[in-house]
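Summary of the model geometry
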Amino acid sequence: MSMFCYQCQETARGTGCDVRGVCGKSEETAKLQDLLLYAVKGISEIVTKKGIDAKTLGAVNGDVLSSLFMTITNANFDDNALERQIRKMQGSRDAILRGVSSEGLGDAATFKAETRAAMLEKASSVGVLATENEDLRSLRELIIYGVKGMAAYAEHAKNLGKEDPEIYAFIYKALAATLNPDLSADDLVALTLETGKYGVSVMAMLDEANTSRFGNPEITKVSIGVRKNPAILISGHDLTDLEQLLEQTKGSGVDVYTHGEMLPAHYYPAFKKYDNFAGNYGNAWWKQSSEFESFHGPVIFTTNCIVPPRSEEVRSRIFTTGSAGFPGCKHIETDAKGKKDFSEVIALARTLPAPDEIEKGEIVGGFAHSQVMALADKVIDAVKSGAVRKFFVMAGCDGRMKSREYYTEFAEKLPKDTVILTAGCAKYRYNKLNLGDIGGIPRVLDAGQCNDSYSLAVIALKLKEAFGLDDINKLPIAYNIAWYEQKACIVLLALLYLGVKNIHLGPTLPAFLSPNVAKVLVDTFGIGGIGSVDEDIKMFMA
Ligand code: SF4
Ligand code: SF3
């Protein structure tokens, strides 16, 4: 076996990618990501064992977030960038080590791998399978994937100037724990729940960072057609990148379209002032290969999900920034003040044709917590009168597996007196179906990106208060969540921490859950998978 990764839903055979990633990740990339994670675990061990205050670590905290983000599914495929980051993190680790004694520290805190060859060799012994016990491995990886998701959200918040030393301290504690042979399965279960607690904190921080800078999302119609100007497509989740791009393209004659998870940017008041902010082009991440061909203009990836481009022509107009990366694609660096220079992208756009039309019309979104609460009276009346019988949280990720057609069919077949609450790219399975409305309340309420899943929790908590209930599970809300990558793991752990029970996860349960760990989740939280659409609807409506 040359590599091993089972962190996403599309993992090979539902067990693990061991030759090459289904995502396109090569053995070498997988190994460099394993070693980068190991270096970050080493830093975490030093910080935790030596009682170092995260506040004193300066830029290291942000570099740890980026390192973790670089290992999330479909974020970074660039071996040179991964190698540089491993070197950087070893350097930071050694600088921290100089101030403390190395007594009691393990290999992660002290290993040296300077060359690519040395890195690959070292990586072979520090990956997922280094933990032999299946249950401990499962819990360690569940915590690590939750922490990766947490790091992604913390990085977005940091880009907006918001940081929380307690979140950094927790990341160090959790990663150090995954190296600790003395921790039992029970200890790790407790840490998994604590990961959910910090998941809630990080999502609240990001929500505050986004809304204080860009305003509260509001009901918005977004065009899915095209204009006649040359254009740039921006994908991924980072709103500060979008803000800078809109500022730099203002008055340039170049339009900006969102793609995938950037769609919800249209819901923020701050971006409505840009005349060249043209609309959304395309669908969820996995359809990008054909959509980028017909778009014609440059594409900027601010984060995941990148699909390896199939033609040289498309690759030549893909740019990455932040934690994203792909070999052969130009990476736009951030200067010391967080500024990025998109002039090369804009210049390239001017030389290329306008996008081909692939769809027409509009979609509606912007139902984050503040907007839904502005409609609270209407929503509460609709529930009390029986006009709305049930809400379905169908947040999460989309993916390329055929089995995800379940979610389109599920949305179509849901009784007409139900409302879907969504967030994340899962929405593309049903946000263009025209499912109608109930007394003016649309049947699909899109709160935003996966990053905005927090909004769905806030809505549930506020409804619980409004209905005077003592338990969030007494609300008429069912959870049928689609997952793919590790940000979905932190969202799931956050919901569990908030006490939400009976969440159904699909299209398959994570390969990284061992039978025993899956049993704990089933017994304690009622977690379930999915079955057939008709039977599931019957079960949820009962
Ligand atoms: Fe396989 Fe998913 Fe890992 Fe890619 S991220 S190597 S598809 S498990
Ligand atoms: Fe999608 Fe990658 Fe997760 Fe942000 S863009 S939800 S999969």
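Residues numbered from 1 in each chain as written. Chains lettered and ligands numbered in written order. Predicted model: local features only at pLDDT ≥ 70, side-chain atom pairs only at ≥ 80, totals over all residues. Heavy atoms only, no water.

**A closer look at the overall build of the protein chain**
- Along the backbone of the protein chain there are 18 helices and 15 strands.
- The C-alpha atoms of the protein chain give a radius of gyration of 23 Å, which matches the 24 Å a tight globule of 542 residues would have.
- If you line up the protein chain on its principal axes, its C-alpha atoms span 65 × 60 × 40 Å.
- The buried share among the 542 residues of the protein chain stands at 61%.
- For the protein chain, contacts bridging at least 24 residues in sequence account for 75% of all contacts bridging at least 6.
- Accessible surface, the protein chain as shown: approximately 20,100 Å² in total, 51% of it carbon and sulfur.
- A distance of 1 Å separates the average location of the 60 positive side-chain charges in the protein chain from that of its 68 negative side-chain charges. (Helix = DSSP H or I, 4+ residues; strand = E, 2+ residues; numbered from the N terminus. Rg over C-alpha atoms; globule rule 2.2 N^0.38 Å. Buried < 20%, exposed > 50% of the residue type's maximum accessible area, 1.4 Å probe, protein only. Contact = heavy atoms within 4.5 Å. Areas by Shrake-Rupley, 256 points an atom, 1.4 Å probe, with all protein chains shown as cover. Lys, Arg positive; Asp, Glu negative; His and termini not counted. Charge placed at Lys NZ, Arg CZ, Asp CG, Glu CD.)

**Comments concerning the domain arrangement of the protein chain**
- Assigned domains within the protein chain: domain 1 (22-213), domain 2 (220-350) and domain 3 (373-541).
- On a C-alpha basis, the centroid separation for the pair domain 1 and domain 3 is 30 Å.
- Between domain 1 and domain 3, the residue contacts involve 32 residues of the former and 24 residues of the latter.
- A combined buried area of about 2,500 Å² lies between domain 1 and domain 3, and 71% of that area is made up of carbon and sulfur atoms.
- Considering only the surface of domain 1 that becomes buried against domain 3, Leu142, Tyr153 and Met203 emerge as the three largest contributors, covering 23% of it.
- The interface formed by domain 1 and domain 3 contains zero salt bridges.
- Applying the counting criterion to the domain 1 and domain 3 interface returns seven residue pairs in polar contact (both at pLDDT 80 or more).
- Residue assignment for the side of domain 1 that touches domain 3 shows that the elements contributing at least two residues are α5 (134-159) and α7 (185-214). (Domains from an automatic or database assignment. Buried area = accessible area lost by both parts, 1.4 Å probe. Salt bridge = Lys/Arg side-chain N within 4 Å of Asp/Glu carboxyl O. Polar contact = N/O pair within 3.5 Å; in protein donor to acceptor, adjacent residues only side chain to side chain.)

**What to know about the sheet that holds strand β14 (residues 477-482)**
- On the basis of which strands lie adjacent, the open sheet formed by five strands has the order β13-β10-β9-β14-β15 and parallel pairing. Two strands lie at the open edges of the sheet, namely β13 (444-446) and β15 (504-506), each paired on one side alone. Averaged over all pairs of adjacent strands, the angle between their axes in this sheet comes to 20°, without regard to strand direction.
- Note that β14 and β15 share three bridges and pair parallel. Paired with alanine 482 across the bridge in β15 is glycine 506.
- Sheet strands touched by helix α18 (residues 533-541): β9 (390-393), β10 (418-422), β14 and β15. Its angle to β9, the strand with the most contacts, is close to 125°. (Pairing = 2+ DSSP bridges. Axes fitted to C-alpha atoms, helices over the stretch in contact; angles between N-to-C directions.)

**Describing the packing of aromatic side chains**
- Applying the stated criterion across every chain, the model contains 21 aromatic pairs.
- Aromatic side chains phenylalanine 170 and tyrosine 198 sit 4.4 Å apart centroid to centroid with 10° between the ring planes, which places their arrangement in the stacked category. With phenylalanine 170 in helix α6 (residues 165-177) and tyrosine 198 in helix α7, this residue pair connects regions lying 28 residues apart in the sequence. An identical accessibility class is assigned to phenylalanine 170 and tyrosine 198; each is buried.
- With centroids separated by 6.0 Å and ring planes inclined at 70°, the aromatic side chains of phenylalanine 214 and tyrosine 268 adopt a geometry described as edge-to-face. Here tyrosine 268 lies in the loop between β3 (255-258) and β4 (277-280) and phenylalanine 214 lies in helix α7, a separation of 54 residues in the sequence. The pair phenylalanine 214 / tyrosine 268 is uniform in exposure class, with both members buried.
- Ring pairing ties together the aromatic residues Phe4, Tyr6, Tyr145, Trp483 and Phe512, which thus form one cluster.
- Cation over ring: arginine 93 sits above phenylalanine 111, and NZ or CZ is 4.7 Å from the ring centre. (Phe/Tyr/Trp six-rings, centres within 6.5 Å; stacked < 30°, edge-to-face > 60°. Lys NZ or Arg CZ within 6 Å of the ring centre and 35° of its normal.)

**Overview of the site of ligand 2**
- Around ligand 2 sit His237, Glu261, Trp285, Asn304, Cys305, Gly396, Cys397, Cys425, Cys450, Tyr484 and Glu485, and that is every residue in its neighbourhood.
- Looking at side-chain class alone, the shell around ligand 2 contains six nonpolar, three polar and two charged residues.
- Summarising the domain contributions, the shell around ligand 2 has at least three residues from each of domain 2 (220-350) and domain 3 (373-541). (Near = heavy atom within 4 Å. Nonpolar A, V, L, I, M, F, W, Y, C, P; charged D, E, K, R; others polar.)

**Quick word on the layout of surface pockets**
- In this structure, the largest pocket occupies an estimated 1,000 Å³ of space.
- Ser66, Glu155, Gly322, Ser323 and Thr334 are the residues nearest the centre of the largest pocket, which is lined by 45 residues in total.
- Elements with a minimum of two residues in the lining of the largest pocket: α2 (59-70), α3 (79-97), α5, α8 (239-249) and β7 (330-332).
- It is α2 that contributes the most residues to the lining of the largest pocket, seven residues altogether.
- Its residues placed into classes, the lining of the largest pocket shows ten nonpolar, 19 polar and 16 charged.
- Shared between two domains, the lining of the largest pocket holds at least three residues of each, these being domain 1 (22-213) and domain 2 (220-350). (1 Å grid on protein atoms, 1.4 Å probe; cavity = no way out; pocket = protein on both sides within 12 Å on 5 of 7 lines; lining within 4 Å. Points joined across faces, edges and corners; volume = space filled by probe spheres on them.)

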